[in-house]
Amino acid sequence: MSSESVEPGHGHSPAAWTAVIIMLVAFTIGAVAFFFDAPIIVWAAAGLAIIGLIVGWIMKRAGYGVGGSKYTPKGH
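All of these numbers come straight from a predicted model, not from anything done at the bench.

(A) Broad picture of the packing of helix α1 (residues 14-35) against helix α2 (residues 39-64). Where α1 meets α2, the axes come as close as 8 Å, and the angle between the chain directions of the two elements is 180 degrees. In terms of orientation, α1 and α2 fall into the roughly antiparallel class. Here the contact of α1 with α2 is built from residues that sort into 20 nonpolar, four polar and one charged.

Set out below in C-alpha cells:
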C-alpha cells in the first residue's frame, strides 16, 4: 500500500481565505438586512459578495493562490 497523498489545494491560501471572509461578511449583512426588510442593503451586500470573488481572483493572479509564487504551504 502506498501512503503517498497528493492534496489538490482545497483553498488553503491567503487568496481563498480573504475571498471567503469577505463573502461571509457580505452574506451575513445581506441576511440581517433581508430580515429587517432593507432591500438597498441586501443589494449592497450582494455587490460586496461579488467584490469578494473579484478580490480572491486578483490575489490568485498576484501569486497568493495555491501554487502561486508568493504562497507557502503550511504543514498539517
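(B) The side chain of serine 13, seen in detail. When you line up the elements, serine 13 lands in the segment before α1. For serine 13, a relative accessible area of 4% translates into the label buried. Once residues within four sequence positions are removed from consideration, serine 13 is found in contact with Tyr64, Gly65, Val66 and Tyr71.

(C) Up close: unusual backbone geometry. Positive phi, close to 55 degrees, is recorded for aspartate 37, a residue that is not glycine. Relative to the helices and strands, aspartate 37 resides in the loop between α1 and α2. For aspartate 37, a relative accessible area of 65% gives the class exposed.

So, how was this worked out
- Throughout, residues of each chain are indexed from 1 in the direction in which the sequence is written.
- Local features in a predicted model are, by the rule used here, given only for residues with pLDDT of at least 70; side-chain atom pairs are given and counted only at 80 or more, and totals for whole chains, interfaces and linings are based on all residues.
- Only heavy atoms go into the side-chain values, all of them from the structure, while hydrogens and water stay out.
- Where helices are involved, their axes are fitted lines through C-alpha atoms of the stretch in contact, as for all axes, and angles between N-to-C directions lie from 0 to 180°.
- Where helices and strands are cited, they refer to DSSP runs of H or I of at least four residues and of E of at least two residues respectively, numbered from the N terminus.
- Each angle is binned into one of four classes, with values under 35 degrees roughly parallel, values over 145 roughly antiparallel, values of 65 to 115 roughly perpendicular, and all other values oblique.
- All amino acids are sorted into three groups, where Ala, Val, Leu, Ile, Met, Phe, Trp, Tyr, Cys and Pro are nonpolar, Asp, Glu, Lys and Arg are charged, and the leftover types, Gly among them, are polar.
- Accessible area is worked out with a 1.4 Å probe on protein chains only. A residue is then buried under 20% of its type maximum, exposed over 50%, and partly exposed in between.
- Here, residues are in contact when the closest pair of their heavy atoms is within 4.5 Å.

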